[in-house]
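Residues per chain are reported as follows:
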Amino acid sequence: MKKKLWALVLCAVFVCVLGVLGVLRHRTEAGVTRCLLIGCDRFVSMPGTEPASANNVETMEALLTDFLPEETSVIRQVNGPGTVAGFEQLVADAFRRAKDADTSLIYLSTHGLLQDGRMTLLLSDGTDEERLAPEDLRQTLDRVPGRKVLILDACHSGAVIGCGWDGENFFKDSNCRVLVSSGALEDSWFWNTEMDEYTGTGYFTAAMDRALRASDPEQIDPDAHGEVSLKELTARLRAIHGASTVYCWPEGSGEKLFGIPKDRKTGSRLQGVDFGQPAMDGDSVVLPIRFRAGESVRVMYQLVPGRNGRWDFEHAVRLPDREKTGLIRGLVSPGEKERKIRLTVPNLGEDGRALMQIITFTGDSLTPSVEAGTVIKAPD
């Protein structure tokens, strides 16, 4: 009896060992994913953005934890490095163990500068500050083996891949997938509020969070493969992020970027936001909007006129949703909603276009959060 028992124990141990070895072999073959998230808020030569970039990093960490494989590791760096050499060392340290089968993801939120036809990214810790040129960024990432993913939330970030102007694509022949928040000649906007020193984030990074968490399956994964490609993510971002133009490289890439977990955390505010095509009705422009409220929430529409090629947030107009709960206008009940926002052409601003954003408010302090946005132009 003892011999049989020992035989069963040994068999069980052997099976467990084989299982562990199988898992390890699968991970080795598939590679592992490592992420480096950098956010700069304190600058020497430019206005501070605190706490937008710090919150961007926090948002991205939560997003990558939920939508990348379980064994993904994340390193965060807020306010620093302040030098190009420091950036190179940080990248080298973060991806020291990278192999050809691995994926290394780098996210950077900072000021992007455009001067004399050249774009640079500002590295700063509040004391030291240097500019990182696209070619230096490319060379730094080239030293990392395997597949790379670069995500930039910065003004003029499209310049690194030649999008938004007739410039060089510094990543054209690299093993790097690139996603940028704006064209080469565009700003990448963020918001913060004096109500709470911890609130504020970049519109692009917030849109990434909404795209992956709050989109309906057919909006973010139209081929129903259970994963999100660079092409699919870019298309969804362009549909709900109007503050700037999102670009990617390679264009039209169907390669998997994120997975969609079965227990996806969709969030409880608004899901499935869809902007229809604006149409003229007399002297007004009518914008159809559809969304689904996951819970009772205050909803407001912010219209930001265009002026001199930029969004004039100082003269933005806010309109509460038409729904009324009790005495509170704009307090929306749970369920599917269809709206038609009517605007006069002069409201679109001097440029003949405006940014329409859906904003929700939660908590006792009514903290705002941008859910989605789109550009409205008067139809020809």
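Residues numbered from 1 in each chain as written. Predicted model: local features only at pLDDT ≥ 70, side-chain atom pairs only at ≥ 80, totals over all residues. Heavy atoms only, no water.

Looking at the element boundaries, aspartate 187 is found in the loop between β8 (176-180) and β9 (190-192). Setting aside anything within four residues of it in sequence, one finds aspartate 187 in contact with Cys155, His156, Ser182, Ala243, Ser244 and Arg310. A polar contact is formed between the side chain of aspartate 187 and the side chain of arginine 310, at a distance of 2.8 Å. (Helix = DSSP H or I, 4+ residues; strand = E, 2+ residues; numbered from the N terminus. Contact = heavy atoms within 4.5 Å. Polar contact = N/O pair within 3.5 Å; in protein donor to acceptor, adjacent residues only side chain to side chain.)

At a closest axis distance of 10 Å, the pairing of helix α3 (residues 84-94) and helix α4 (residues 134-142) adopts a crossing angle of 25°. Of the possible angle classes, the one that applies to α3 and α4 is roughly parallel. Judged by the sense of rotation from one axis to the other, the crossing of α3 with α4 is right-handed. On α4, the residues touching Phe87, Glu88 and Val91 of α3 are Leu137, Thr140 and Leu141. (Axes fitted to C-alpha atoms, helices over the stretch in contact; angles between N-to-C directions. Parallel < 35°, antiparallel > 145°, perpendicular 65-115°, else oblique. Left-handed = near helix turned anticlockwise from the far one by under 90°.)

Segments scoring low in pLDDT should not have their predicted coordinates read at a detailed level. A residue-level look at the protein finds 88% of positions with pLDDT of 70 or above and a mean pLDDT of 89. Here residues 1-28 scores under 50 on pLDDT; set against residues more than four positions off or in separate chains, the count is three contacts. (pLDDT = per-residue confidence, 0-100.)

The subject of this paragraph is the sheet that holds strand β4 (residues 112-115). Spatially, three strands are ordered β4-β5-β6 in an open sheet, and the strand pairing comes out antiparallel. With one partner strand each, in any of the chains shown, β4 and β6 (129-132) form the two edges of the open sheet. When the angles between neighbouring strand axes are averaged without regard to direction, this sheet yields 35°. Pairing geometry for β4 and strand β5 (residues 118-124), over four bridges, is antiparallel. Looking at the pairing, leucine 113 lines up with threonine 120 of β5. Sheet strands in contact with α3 are β5 and β6, and its direction is about 70° off that of β6. (Pairing = 2+ DSSP bridges.)

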